[in-house]
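Residue-level listing of the chains:
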Amino acid sequence: MALFFLFLPSAYKPDPVFFDSFHKQGLHLILTTICIIFCGAFITVLLGTIFNIDPKIAVGLFTGALTSTPGLAAAIESTNSPLASIGYGIAYPFGVIGVILFVRLLPRLIKVDLKEAKTAYLNLSKQKYPDIINQNFIVENQNIHNKTIGELHIRTMTGATISRIMHDETAITPNPNTTLQLGDFVKAVGSEQALERFKFLVGSPSEKEIPLSEEYDVQWILVSNKKVSNSTLQSLHLLENYNATVTRIRRSGIDIAPNPNNQIRFGDKLMVACNKENMKQVIELLGNNDKRLSETDFLPIALGIVLGVIVGKLSLPFAGFNFSLGLTGGVLATALILSRIGKTGPVIWTMSGPANQLLRSLGLLFFLTAVGTEAGSHISSTYQQFGPKLFFIGAFITVIPMGAACFLGQKIFKLNFLTLLGTITGGMTSTPGLAAIDPLTDCNAPQIAYATVYPVALVCVIICAQIIGLFINLIVT
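What counts and what doesn't
- Residue indices begin from 1 for each chain and proceed along its sequence in written order.
- For a predicted model such as this one, the threshold for reporting local features is a pLDDT of at least 70, and the threshold for listing and counting side-chain atom pairs is 80 or more; totals across whole chains, interfaces and linings nevertheless cover every residue.
- Hydrogens and water are ignored here; the side-chain numbers use all heavy atoms of the structure.
- Every helix listed is a DSSP run of H or I at least four residues long, and every strand listed is a run of E at least two residues long, numbered separately from the N terminus.
- A simple rule labels every residue: compare its accessible area, found with a 1.4 Å probe on the protein chains alone, to the largest value its type can have, and call it buried under 20%, exposed over 50%, or partly exposed in between.
- Whether two strands pair comes down to DSSP finding at least two bridges between them.
- In this analysis, axes come from line fits to C-alpha atoms, helices being fitted only over the stretch in contact, and the angle between any two N-to-C directions falls in the range 0 to 180 degrees.
- Residues with no salt bridge and a relative accessible area higher than 30% make up the patches, which join like charges within 9 Å and nonpolar side chains (Val, Leu, Ile, Met, Phe, Trp, Tyr) within 5 Å.
- Here the accessible surface of atoms and residues is derived via Shrake-Rupley with a 1.4 Å probe, and residues count as covered only by protein chains that are part of the display.
- When a carboxyl oxygen of Asp or Glu lies within 4 Å of a side-chain nitrogen of Lys or Arg, that pair is called a salt bridge.
- Here is the rule: rings of Phe, Tyr and Trp (six-membered ring for Trp) pair when centre to centre is within 6.5 Å. Planes less than 30 degrees apart are stacked, more than 60 are edge-to-face, and the remainder are tilted.
- By definition here, charges over rings are those cases where NZ of Lys or CZ of Arg is within 6 Å of the ring centre and within 35 degrees of the ring normal.
- Here a polar contact is taken to be a pair of N or O atoms separated by no more than 3.5 Å, where protein atoms must pair a possible hydrogen donor with a possible acceptor and residues adjacent in sequence count only if both atoms sit in side chains.

Visitor: Please give an account of unusual backbone geometry that cites residues and values.
Guide: Positive phi, normally seen in glycine, also occurs at N146, with a value near 65°. Relative to the assigned elements, N146 resides in the loop between β1 (133-138) and β2 (147-148). On the accessibility criterion, N146 (46% relative accessible area) is partly exposed. Positive phi outside glycine occurs at T429, with the angle close to 50°. Within the fold, T429 resides in the loop between α20 (417-427) and α21 (431-437). Overall, the relative accessible area of 6% leaves T429 in the buried class.

As structure tokens, this is what we get:
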């Protein structure tokens, strides 16, 4: 059971970045990660064959060098031997220290300006997720005089949303039937490019303040009602039913300009403007309950375990052998897919941050306690047989893949350096390595890259852990 609690939280995340990252840049990150894992697997097979290392120990060296406890679980499951945990224990210390030293020393070794890397990353991020700002304008275009917002298709034409209109010193929250008249002042919300298009359609910017009427309210509302999760803004009919306008969507710290086809997720925050009486109904519809995010629903966990066991039992013939993901890979792959689906009927396939961390820590505690107890009796005899060479083999498995990833990411894919650092730590499944990058920059590029590639690394390590022992056995025999 500890095994399930160890892997299910790893993929049951509120923001399923794993599948959302398959665009051009994300594909390069994933290919770099695959390079790390398969390079490590190749070095393991090569050195394991040269030095005649027991395949069960070699698999453990591989997972320890890549600091992957889930990989160790897969290795133990596939080998049915405690020797994998011995190899893991020998390679793991340098795996942790080696990644930290590599990411801290790499900028100096290749002389990279981290400030320039940060500036380049921020410029690229603004192209994808431009800042959402607001600005006031005066209606000057005679062609839109006495026409409604709905007739003008302002959101479609400009990408901006009108959140407030002032006519004859009276401010209101608009709806599609609201008429624009010459001399009106309007407040628009959108990206810099959207507001530029809005200016050409409506009129010039204005410094005049548009006060909020006492009858209206604007506030952030948390989506905590599971019934509306995965619904589109259009399907909620907020404008038609409540005369409410959504001006921003905040997800994982990023502000998104809303459009009718936006799918809202459990944990999103929506900035809503509407009548104070209607605001109460909108809040009731969306939830706005922080406590709901902290609640743990064990039904998705139980269903995920059952489905993961079934997937793990499936086997595919490969080169004369039957290959399967096993319990470890089955549970992880199932959780990744379910997190992408997000919701099935009343079941939400996500887990809150506190619950995620608690179950992961609990599973890790139970798992390592059992592994350490069983492996302890074999440590002395293993060291007498192989001596310190296992440590050096583990060090090679740690360092060489990171060097290969650095070359591929910088020279071939031209990745931003901060993104590359996050990709390397994610590919090595090294949270301490990611923490070592924090003093180098206040940019969140490494964290985003780490979160993008970490599930890929887990899946690849689990697969390789099962294949390595098979390859070494074939070569030795």
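Visitor: Lay out the sheet that holds strand β4 (residues 170-172) with the relevant residues and their values.
Guide: Within a beta sheet, neighbouring strands are joined by backbone hydrogen bonds and run either parallel or antiparallel to one another. If you walk across this open sheet you meet the four strands as β1-β6-β3-β4, and the pairing is antiparallel. Edge positions in the open sheet fall to β1 and β4, since each of these has one partner strand only. Across the sheet, the mean angle from the axis of one strand to that of its neighbour is 20°, orientation sign disregarded. Here five bridges tie strand β3 (residues 161-167) to strand β6 (residues 185-190), and the two strands are oriented antiparallel to one another. Bridge pairing in β6 places I162 opposite A188.

Visitor: Help me get a handle on a nonpolar patch on the surface, residues and values and all.
Guide: Among the surface-exposed residues, I97, L101, L105, L109 and I110 lie close enough to one another that they form a single nonpolar patch of about 470 Å² accessible area. Within the fold, I110 resides in the loop between α6 (83-109) and α7 (114-128).

Visitor: Describe in detail the packing of aromatic side chains, supporting the description with residues and values.
Guide: Scanning all chains against the criterion turns up five aromatic pairs. Clustering of aromatic rings is evident, with ring pairs tying together F94, F391 and F392. The ring centre of F200 lies 5.5 Å from the NZ or CZ of K199, which sits over that ring. Between the NZ or CZ atom of K208 and the centre of the ring of F185, over which it lies, the distance is 5.6 Å.

Visitor: Can you lay out the pairing of strand β8 (residues 245-251) for me, pointing to particular residues and giving the numbers?
Guide: When you tally the buried positions in β8, you get six out of seven residues, the bulk of the element. Examined bridge by bridge, β8 and strand β10 (residues 269-275) share five bridges and lie antiparallel to one another. Of the residues in β10, the one forming a bridge with R250 is K269.

Visitor: Break down helix α4 (residues 55-65) for me, with residues and values.
Guide: For α4, a buried count of 10 out of 11 residues is recorded, marking the element as mostly surrounded by other parts of the structure. When we look at burial in α4, the residues that qualify are P55, I57, A58, V59, G60, L61, F62, T63, G64 and A65. Where α4 starts, the residue carrying a side-chain oxygen 2.8 Å from the main-chain nitrogen of K56 turns out to be D54. Backbone geometry just downstream of α4 places T67 in the positive-phi region, at approximately 50°.

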